[in-house]
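Observations on the model geometry
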Amino acid sequence: MNQMSMNPVELQKKLITAARANPPGREVPYAFEKRVMALLAARSLNGHPVLWLRGLWQAAVSCVAIALMIGAWALFSPATDNTGDLSQSFESTLLAAVDQGAQTQ
Amino acid sequence: MERTEAELIAAVLAGDAASFEPLVQKYSPRVFATARRYARRESEVEDIAQEVWLKAFDKLKSFRGEAPFEHWLMRLTVRTCYDFLRGHQRNRESAFSDLTDPESDWLERFVTQPEAVSENAEAARLLVARVLERLSPSARLIITLLEIEDRSVKEIAALTGWSVPLVKVRAFRARAEMRKILVKLPKDKYL
């Protein structure tokens with residue numbers, strides 16, 4: 001086939017006419033609308049975990065905010081008089097239960 | 001009593017999802033016919049149609065009822081088809097060397113006797129599908145809407161969301177792109 005002998009404008013016209021003469025079919029697969037409705041229903045059901053996730057995320061944000069507030073309050077609150085040796089107070093508190101147990105025996 | 005389209009839409013918006021089904025049933029043939037212009041495989045056509053209806057359900061709030069529901073749905077369909085074409089761009093680089101015998105015969109007859117070849121031939125239909133597949137997404141959309149569906153520039157602008165001057169520029173480029181492909185067609189096959 002000689003490339004020079006072909007008229008692309010004419011070929012374009014022919015092919016466009018061919019496409020116009022063969023419009024696509026309008027057939028719809030069996031029960032397509034049921035499938036779409038099932039998909040929509042499944043999607044709304046799947047929406048529940050999203051709601052849960054959103055709720056948990058909001059709860060986590062609230063917890064962090066409360067922790068920050070308590071931390072700030074502990075940091076900036078005026079110091080009380082019973083500021084002895086922190087490590088000793090901690091140790092006696094922690095071992096109080098052990099001491100009590102030893103005394104009862 | 002059969003409910004009107006406006007009543008069905010109002011019911012869906014009020015939370016009655018089941019009222020969406022008659023709309024899907026009524027307009028699916030048009031959605032499928034449009035999708036078949038852009039996708040070859042039936043599985044792809046179904047995917048497009050499904051996506052159109054899911055989008056339609058999600059965006060139904062944006063339908064203001066000033067124009068018919070069908071127009072709104074067609075805009076959505078055309079835009080979904082365009083997104084599909086853009087997503088499948090890499091598939092369009094197939095060569096013309098794999099033309100079938102009837103397609104090659106039709107081309108040869110066109111070269112020797114352009115007036116004698118029939119546009120109704122199956123080979124011509126397959127050939128035009130091949131050529132359209134090689135076009136860029138915007139060119140394919142424009143050629144389909146403007147040349148094959150014979151729509152006006154204004155209609156295309158409304159369907160695609162592009163401005164009228166942009167449609168004109170893209171139409172000019174699309175025709176040039178198609179001619180370039182057609183010139184390459186016999187070259188790919190025989191050289």
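Residues numbered from 1 in each chain as written. Chains lettered and ligands numbered in written order. Predicted model: local features only at pLDDT ≥ 70, side-chain atom pairs only at ≥ 80, totals over all residues. Heavy atoms only, no water.

1. Describing the overall build of chain B
Where we set the bar: In DSSP terms, a helix is any run of H or I states spanning at least four residues, a strand is any run of E spanning at least two, and both are numbered starting from the N terminus. Each residue is placed in one exposure class: buried if its accessible area under a 1.4 Å probe, protein chains only, is under 20% of its type's maximum, exposed if it is over 50%, and partly exposed if it falls in between. Working rule for contacts: check all heavy atoms of both residues, and any pair within 4.5 Å makes them a contact. To be clear on the numbers: accessible area is Shrake-Rupley with a 1.4 Å probe, and residue cover counts the displayed protein chains and nothing else. Charge counting follows a simple rule: Lys and Arg are positive, Asp and Glu are negative, and His as well as the terminal groups are ignored. Each charge is placed at NZ for Lys, CZ for Arg, CG for Asp and CD for Glu.
The helix and strand inventory of chain B stands at 9 helices and 0 strands. Considered along the principal axes of its C-alpha atoms, chain B spans approximately 65 × 35 × 30 Å. For chain B, the proportion of its 191 residues judged to be buried stands at 47%. Of all intrachain contacts in chain B linking residues separated by at least 6 positions in sequence, the fraction that spans at least 24 positions is 63%. Carbon and sulfur atoms provide 50% of the accessible area of chain B, an area that totals close to 9800 Å². Averaged over its 32 positive side-chain charges, chain B has a centre that lies 7 Å from the centre of its 30 negative ones.

2. Thoughts on the overall build of chain A
Helix and strand counts for chain A come out as 3 helices and 0 strands. Along chain A, helices (α) and strands (β) appear in the sequence α-α-α when read from the amino end. Looking at chain A residue by residue over its 105 residues, the buried ones come to 14%. In the form shown here, chain A has an accessible surface area of approximately 8500 Å², with 66% of it arising from carbon and sulfur atoms.

3. Looking at the pattern of salt bridges
Once their charged atoms are close, side chains differing in charge can pair, the charge on each being opposite to the other. All names here are of chain B. Heads up, the rule is: Definition used for salt bridges: Asp or Glu carboxyl oxygen within 4 Å of a side-chain nitrogen of Lys or Arg.
The tally for this structure, following the rule as stated, stands at 19 salt bridges over all chains. Here Glu 70 ties to Arg 30 by a salt bridge, and the two come within 3.0 Å at their closest N and O atoms. Here the residue Glu 70 occupies a position in helix α4 (residues 69-87), and Arg 30 occupies one in helix α2 (residues 21-38), the gap between them amounting to 40 residues. Residue class for Glu 70 comes out partly exposed when judged on its relative accessible area of 24%. We note a salt bridge from Lys 55 to Asp 83, for which the minimum N-O separation is 3.6 Å. Residue Lys 55 is located in helix α3 (residues 42-59), and its partner Asp 83 is located in helix α4; the two are separated by 28 residues in the primary sequence. The exposure class assigned to Asp 83 is partly exposed, which follows from its relative accessible area of 35%. If you follow the salt bridges from partner to partner, you end up with Arg 37, Glu 149, Arg 151 and Glu 155 in one network.

In short, geometric facts, not functional conclusions.
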